[in-house]
Amino acid sequence: MTSRLLPTNVIFGLAPIVLVIALWQGLVSFGFAPVVLLPPPGFVFSRLLQQLVTWTFQQEIAATLIRLFAGFAIAVVLGVSIGIAAAASPAINAVVRPIVRVLAPLPKVALYPALLLLLGFGHGSKITLVAADALFPILLSTYYGASTVEQKLIWSAMAAGTPRYEILFKVVLPAAMPSILTGCRIGLVISCIVVFLAEMITSTDGLGHALVTAARTFQAVDMFVPLITISLLGLILNGLLGAVRSYLLRGFPEA
């Protein structure tokens, strides 16, 4: 059944992208937007293919991916650890809950000037900003998933003589995995957005820096190339995480 639905899902997934590109081409073809400001999609994708084989542009992509992966990995480790600990311990929950309530709604980009002063203009400030933004959806999803594990499963494991730390890894963590992975997918999307934004604000490399540099020199085609690149990277990474989710949840009914 899943294999039969796959082509349909692919078609429905590609349809909005095709419509956006068609609308983009229509705006240019019918003169609703000047070519110097909104170049045709064919020019942009052609330029993208040219850029992908250059060492300079590959370095820009590498810099962005390093910051994205490092910040996202930190967010996953901290979010899952704190979320499970808060769900397992009322004392930890009492400490974590008010902190989350205060910091979760705060736009983390507002902290970026302070991070620049503390960590400088290199990788550190950008990785920290990505981790701070991606942390809370992962933490909240983990806490929700761990808190809703059926108590009967825990009691059964305790009755069988399973040590408490093994219950955490053999019962609570697997049962909370669907919620954790959902939070990770949300955190990954946020990471892509935040790393690009941080590089636009202040950076000497990365895709966001490439966009700002092109905009300052009025190179419209080169300005759209980093946008398309980060979108494609986000699409690929989301697809890979979706594949990992399907593999890890292959025994779950919703998978």
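So, how was this worked out
Residues numbered from 1 in each chain as written. Predicted model: local features only at pLDDT ≥ 70, side-chain atom pairs only at ≥ 80, totals over all residues. Heavy atoms only, no water. Axes fitted to C-alpha atoms, helices over the stretch in contact; angles between N-to-C directions. Helix = DSSP H or I, 4+ residues; strand = E, 2+ residues; numbered from the N terminus. Parallel < 35°, antiparallel > 145°, perpendicular 65-115°, else oblique. Contact = heavy atoms within 4.5 Å. Nonpolar A, V, L, I, M, F, W, Y, C, P; charged D, E, K, R; others polar. UniProt positions renumbered as here; feature names shortened; annotations may be inferred. Phe/Tyr/Trp six-rings, centres within 6.5 Å; stacked < 30°, edge-to-face > 60°. Buried < 20%, exposed > 50% of the residue type's maximum accessible area, 1.4 Å probe, protein only. Patch = residues over 30% accessible without salt bridge, like charges linked within 9 Å, V, L, I, M, F, W, Y side chains within 5 Å. Areas by Shrake-Rupley, 256 points an atom, 1.4 Å probe, with all protein chains shown as cover. Salt bridge = Lys/Arg side-chain N within 4 Å of Asp/Glu carboxyl O.

(A) A look at the packing of helix 3 (residues 55-88) against helix 4 (residues 90-103). Orientation of helix 3 relative to helix 4, taken along the N-to-C sense of each, is 125°, at an axis distance of 6 Å. Overall, the two elements helix 3 and helix 4 adopt an arrangement that is oblique. Residues Ile82, Ala85, Ala86 and Ala88 of helix 3 lie in contact with helix 4, whose contacting residues are Pro90, Ile92, Asn93 and Val96. When grouped by side-chain class, the residues that make up the contact of helix 3 with helix 4 number seven nonpolar, one polar and no charged.

(B) Broad picture of the UniProt feature "transmembrane region" (unreviewed entry) in the chain. Taking the UniProt record as the reference, the feature "transmembrane region" (unreviewed entry) is found at residues 12-37, 65-87, 99-121, 127-146, 167-198 and 218-241. Along residues 127-146 the backbone is 100% helical and 0% strand, and the end-to-end C-alpha distance reaches 27 Å.

(C) Here's a closer look at the packing of aromatic side chains. Inspection of every chain in the model, using the stated rule, returns two aromatic pairs. Geometrically, the ring pair formed by Trp24 and Phe45 is tilted, given 6.4 Å between the ring centres and 50° between the ring planes. One end of the pair, Trp24, is in helix 1 (residues 2-29); the other, Phe45, is in helix 2 (residues 41-52), with 21 residues separating them in the sequence. Under the relative-accessibility criterion, Phe45 is labelled partly exposed at 30%. Within the aromatic cluster, the residues linked to one another by ring pairs are Trp24, Phe45 and Phe224.

(D) Seen up close, a nonpolar patch on the surface. Together, Leu14, Ile17, Val18, Leu232, Leu235, Ile236 and Leu240 make up a nonpolar patch on the protein surface, roughly 640 Å² of accessible area in all. The element that contributes the greatest number of residues to the nonpolar patch is helix 10 (residues 220-248), accounting for four residues. As for its placement among the helices and strands, Leu232 is situated in helix 10. Note on Leu232: relative accessible area 38%, which makes it partly exposed.

(E) The arrangement of unusual backbone geometry in detail. Look at Phe218: it is not a glycine, yet its phi comes out positive at around 60°. One can find Phe218 in the loop between helix 9 (207-216) and helix 10.

(F) Broad picture of the pattern of salt bridges. Counted according to the given criterion, the structure contains three salt bridges. In this structure, Arg67 and Glu199 form a salt bridge, with 2.8 Å as the shortest nitrogen-oxygen distance. Here the residue Arg67 occupies a position in helix 3, and Glu199 occupies one in helix 8 (residues 164-201), the gap between them amounting to 132 residues. Take Glu199: its relative accessible area is 1%, and that puts it in the buried class. Through salt bridges with shared partners, one network takes in Arg67, Glu199 and Asp205.

(G) Local environment of the environment of Gly120. Tracing the backbone through its elements, the reader meets Gly120 in the loop between helix 5 (112-119) and helix 6 (123-147). Each C-alpha atom of the pair Gly120 and Leu232 lies 29 Å from the other, and the pair is 112 residues apart in sequence. Those residues in contact with Gly120, other than ones at most four positions away along the chain, are Leu115 and Ser125.

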